[in-house]
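Given next are the chains, with one letter for each unit.
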Number of protein chains: 2
Amino acid sequence: MDVHSAGLSIADWRTIIDDAYRGTLQGPVSNLDPSLGTHFDAIFVGGGSAGRFGAAVLRSLGGRPLVLERWPFLGGSCPHQACVPHHLFSEAARELDQAQALQGRLWYPQFDPGAASILELVELFRAQRSGPHAHMNWQSAEQLGIEFVVNTEAEVLDTRTVRAGGHTYTADALVLATGSRAALPGIEGETLSGVFDYATLIEDLDYEPRRIVVIGGSKVAVEYGSFFRAVGRPTTIVSRSDLLTSAGPGRMDPDLRRFVVDGMRLRDVEVLEHSTATRIVGDRRVEGVEVLTPDGPRVIEADFVLLGTGEEPITESFASALPLVYDERGFVAVDARMRTNLDGVYAAGDVIGPPMEMFKSRRSGTTAARTIMGLDAEFHYDDIPDFLHTTYEVTWAGLTEDQARARYGDVMTIQVPPAGMALGDTSLPMAEGSMLYGFTLPERTGFQKCVIDAASRRVVGIHHAGYGAKTAFQYLHHMMTRPEGLTIDQLGDMNELYISSEYFIGYARLRASQAELTGM
Amino acid sequence: MDVHSAGLSIADWRTIIDDAYRGTLQGPVSNLDPSLGTHFDAIFVGGGSAGRFGAAVLRSLGGRPLVLERWPFLGGSCPHQACVPHHLFSEAARELDQAQALQGRLWYPQFDPGAASILELVELFRAQRSGPHAHMNWQSAEQLGIEFVVNTEAEVLDTRTVRAGGHTYTADALVLATGSRAALPGIEGETLSGVFDYATLIEDLDYEPRRIVVIGGSKVAVEYGSFFRAVGRPTTIVSRSDLLTSAGPGRMDPDLRRFVVDGMRLRDVEVLEHSTATRIVGDRRVEGVEVLTPDGPRVIEADFVLLGTGEEPITESFASALPLVYDERGFVAVDARMRTNLDGVYAAGDVIGPPMEMFKSRRSGTTAARTIMGLDAEFHYDDIPDFLHTTYEVTWAGLTEDQARARYGDVMTIQVPPAGMALGDTSLPMAEGSMLYGFTLPERTGFQKCVIDAASRRVVGIHHAGYGAKTAFQYLHHMMTRPEGLTIDQLGDMNELYISSEYFIGYARLRASQAELTGM
């Protein structure tokens, strides 16, 4: 199907994508300018965020990109199976959690654990996801002027040649942006019916889960486990290490982590740490999970198991044709310019490994594009802002308090509730999104901490659980990591929009005038 | 009651404040150090945000402040009658609006307009507001080391002397921070029972309103009107000008304003613009409002009227003793150092006039404190970030698109939904807080616009209706107004935390590589 110059609307694109899902439209959908031939400055193999953003920037710089994508839309796994449904489910979790917490108060009726349905939310997403998909195609064609072929498998033939939809395309450079998929942990029973990962949950769920086990201790486990429990399903998380420490010790401030994990337990998520799922039990369908806990072996009944046990790269379309070097985890190895070991071959996005975050995908794609176009571009992502959802938004950047104390002589913190005070002893931090809790269940309002190096007066770490601060952390992180940093004095001179989700500006102002900073 | 050195907890303070409300505790509650005498570096007359923050900074700079406050707590009208209850009500409005919009879908039952109660929310706030109050007293005494006397009227005797609670205190400087109150519009019937302002609503409401008229067209009218309607009450707003234009033409981008006002009408708020309330009708209790509309006179039935018709300064405690100069609206006139016309007399907070916002109160108080302590401090607030709530958070900073086009030759915008596209034609901007809408009622997800001067590549205006961006606008505004500004290139190089409430970083990245910027 050739759609070039057709000027398709978002609604037109949605029809095409839905037809492709249904199978009534097969074969490539091509937005190519035939007058320009089949040679490109770069071919992006994979049209997820890395490929799409990379192509947009290459085009902006005057190059001619081609994006090849097996799905009928650009945007990749995020709007299809990963971050977008996760955000939908996390928002549902927040609303359902509030409905349970406030039941019988104000306008909230008694909570009916049968009212909400995991299956219904999955089906809602599945039925409507082509809306955002269509926007991506429309934007890529109409606003960004990108040439692309979707709904077709690509096969890399050599470092300059790719075959897709019966055509052969050549380019001066290749960008491998094929993404990743959930990795199986390699335990008995992992292929039983009723065992899912974040992607198959979206594609295959056809019954309502009643009793849930989540295997894993990182973001995916915490986020989906919190969602399942908020819907009203008994949920057990089985984690080999302490929950949320697998990303490496010290990534998350212990006080923040405690608020998060205690908050999950307060909501009756069963969290089994230092525990190993040894076998998934069942006869065709999952019936339970055998777990080795510190207290001994246990079998947990379950009709639904979610695996949150990591990712592996998708390499089938290029692995046999290209003698690439991979890193120790199996991901394509690249340098800071996104160059692989092969001349003219770049990689970007999830296929180069963690963090599996949008900014890394997008910026690695645009870094590849800039490098290809001869610009001096590097992308380092060792110091990043980070977040997850439970029934809260949890966001952090920079150093934990412990890390800061190890690095600097004199560290002060601004913390709400104040250090040493029990959560329920104050209704603060009450803010945007936690006002109802502030006046009913003050222990639920949130937690926040700002870590400052007293000598330089610089903010070196920020930590938040609550609502509404996530977007702000993008900019705070930027200011903290610029060469001149962000001082408590600069922070205290900003104009807060009261009630800010984080109290950093107001509290900084209370302390900024001190010659010798003291915490609060 | 002398509480100095008592080391009171938040719970202790709460008992004191509740006793003061009940009248079982009368007379001043004094946190003074008797060993230091009755002379201070500065006396803050009024312990709202201006006085409290000013005193904290003066103390941090080595001075000795005294704060005098008529209420039994520090923090002022915000946590007592103004911004805190408003935020509670706006959060309730958001939740109730969603419950109505999604009724019959997912886990949302049919919406029962009788389930939610304005009176119950007011009573909840009234019963629990001493919690945050107590935190303020505790923090001021224990963390900030401020001396204060609360629960007592202050009387200024001259520019150096104040009397309160039977004692006379002297200082080298006075800071007048007595706040403001709602001004009556001067129309017949405005003192009938059932006519309220934002403060008397909190203090006096003792019945459930059934049919509501709001008089006024600014933030208070919009915010409370949206809340009343979300609770399920038929609500009419009567505004002399176009809604939300009274702050001055061009403060709010017309596209943003249209999204906001259309959204209110979509939710069945009756908005009468270019209309004047000529009389409030009733025999002791309000029964309706006579309105002159462009279509002629009309009587709107009402058992509750909210006046959102402006503010006047509270000056009784000092007006007769001090020959102050006032501005044309009756507020105390100050310069950028918060100096009045009288030597050693400063003013800060709502008593110096609009904007009645927290950052202005706090920063004017701290500016006065710095000036008193001999520092070179100025505070200008002509270019401020701003916000309001309907059932959305609405936030803006910098120039509107029209203002930017008038000032710069070549302006580009990044807008979602794209310019010219109907709201429901895309599910974007779907983000934190609008995910459920994105998959059910896409016309409700929000609106956002970023205005860029193409020549300098600087962001000159940002505009947002949705959820979760308000706190971020604090930092965006700071970066936009620093001398070097914020360019689209810097923005595009930041690390977004997907799905950000505003798409500015991601969209900037798509365009930043262009030599000649084009909008999207």
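To be clear, the structure that these remarks concern was listed above.
Residues numbered from 1 in each chain as written. Chains lettered and ligands numbered in written order. Predicted model: local features only at pLDDT ≥ 70, side-chain atom pairs only at ≥ 80, totals over all residues. Heavy atoms only, no water.

**Some points on the sheet that holds strand β22 (residues 393–398) of chain B**
Residues and elements named next belong to chain B.
- Ordered by their spatial adjacency, 5 strands build an open sheet running β21-β22-β25-β24-β23, and the pairing between neighbours is antiparallel. The open sheet is flanked by β21 (386–389) and β23 (411–416), the only strands paired with a single partner. Taking each pair of neighbouring strands and ignoring which way they run, the sheet shows an average axis angle of 10 degrees.
- Pairing analysis gives 6 bridges linking β23 to strand β24 (residues 447–453), with the strands arranged antiparallel. Residue pairing in the sheet places threonine 413 in a bridge with valine 451 of β24. (Pairing = 2+ DSSP bridges. Helix = DSSP H or I, 4+ residues; strand = E, 2+ residues; numbered from the N terminus. Axes fitted to C-alpha atoms, helices over the stretch in contact; angles between N-to-C directions.)

**Considerations on helix α13 (residues 470–481) of chain B**
Residue and element names in this part refer to chain B.
- Taking 1.5 Å of rise per residue, the 12 residues of α13 would be expected to cover 16 Å, and the 17 Å separating its terminal C-alpha atoms lies within 8% of that figure.
- Burial runs high along α13: 11 of the 12 residues are buried.
- Of all the residues in α13, the buried ones are Lys470, Thr471, Ala472, Phe473, Gln474, Tyr475, Leu476, His477, His478, Met479 and Met480. (Expected span 1.5 Å × (residues − 1). Buried < 20%, exposed > 50% of the residue type's maximum accessible area, 1.4 Å probe, protein only.)

**Here's the deal with the pattern of salt bridges**
Residues and elements named next belong to chain A.
- Tallied over the entire structure, the rule returns 66 salt bridges over all chains.
- Note that arginine 267 is salt-bridged to aspartate 97, the shortest N-O span being 2.9 Å. Here arginine 267 is found in the loop between α9 (254–266) and β14 (270–272), whereas its partner aspartate 97 is found in helix α4 (residues 83–101), with 170 residues between them in sequence.
- For glutamate 357, the salt bridge identified is with lysine 219, shortest N-O distance 2.5 Å. With glutamate 357 in the loop between β20 (345–347) and α10 (358–372) and lysine 219 in helix α8 (residues 219–231), the pair connects residues that are 138 residues apart, well separated along the chain.
- Linked by salt bridges that have partners in common, Asp253, Asp255, Arg258, Glu401, Arg405 and Lys449 make up one network. (Salt bridge = Lys/Arg side-chain N within 4 Å of Asp/Glu carboxyl O.)

**Regarding the state of the cysteines**
Residues and elements named next belong to chain A.
- Under the criterion given, the structure shown has 2 disulfides over all chains.
- Two residues share a disulfide in this structure: cysteine 78 and cysteine 83, whose sulfurs sit 2.0 Å from each other. In this structure, cysteine 78 and cysteine 83 share a single accessibility class: buried. (Disulfide = S-S within 2.5 Å.)

**Observations concerning the packing of α4(A) against helix α5 (residues 118–128) of chain A**
Residues and elements named next belong to chain A.
- Their axes nearest at 11 Å, the elements α4 and α5 cross at an angle of 140 degrees. What the angle tells us is that α4 and α5 run oblique. As for how α4 packs across α5, the hand of that crossing is right-handed. Within the contact between the two elements, α4 uses Val84, Pro85, Leu88, Phe89 and Ala92 and α5 uses Leu121, Val122 and Phe125.
- Partitioned by chemical class, the residues of the contact of α4 with α5 number 8 nonpolar, no polar and no charged. (Parallel < 35°, antiparallel > 145°, perpendicular 65-115°, else oblique. Left-handed = near helix turned anticlockwise from the far one by under 90°. Contact = heavy atoms within 4.5 Å. Nonpolar A, V, L, I, M, F, W, Y, C, P; charged D, E, K, R; others polar.)

**A short note on a negative patch on the surface**
Residues and elements named next belong to chain A.
- A surface patch of negative charge is lined by Glu120, Glu123, Asp204 and Asp206.
- Note that aspartate 204 resides in helix α7 (residues 198–204).
- What makes aspartate 204 partly exposed here is its relative accessible area of 46%. (Patch = residues over 30% accessible without salt bridge, like charges linked within 9 Å, V, L, I, M, F, W, Y side chains within 5 Å. Areas by Shrake-Rupley, 256 points an atom, 1.4 Å probe, with all protein chains shown as cover. Lys, Arg positive; Asp, Glu negative; His and termini not counted. Charge placed at Lys NZ, Arg CZ, Asp CG, Glu CD.)

**Side note on the sheet that holds strand β7 (residues 161–164) of chain A**
All names here are of chain A.
- The 4 strands are arranged β2-β8-β7-β6 in an open sheet whose pairing can be described as mixed. Because the sheet does not close on itself, it has two edges, and the strands there are β2 (39–40) and β6 (154–158).
- Pairing analysis gives 4 bridges linking β6 to β7, with the strands arranged antiparallel. Within the sheet, the bridge partner assigned to valine 156 lies in β7 and is valine 162.

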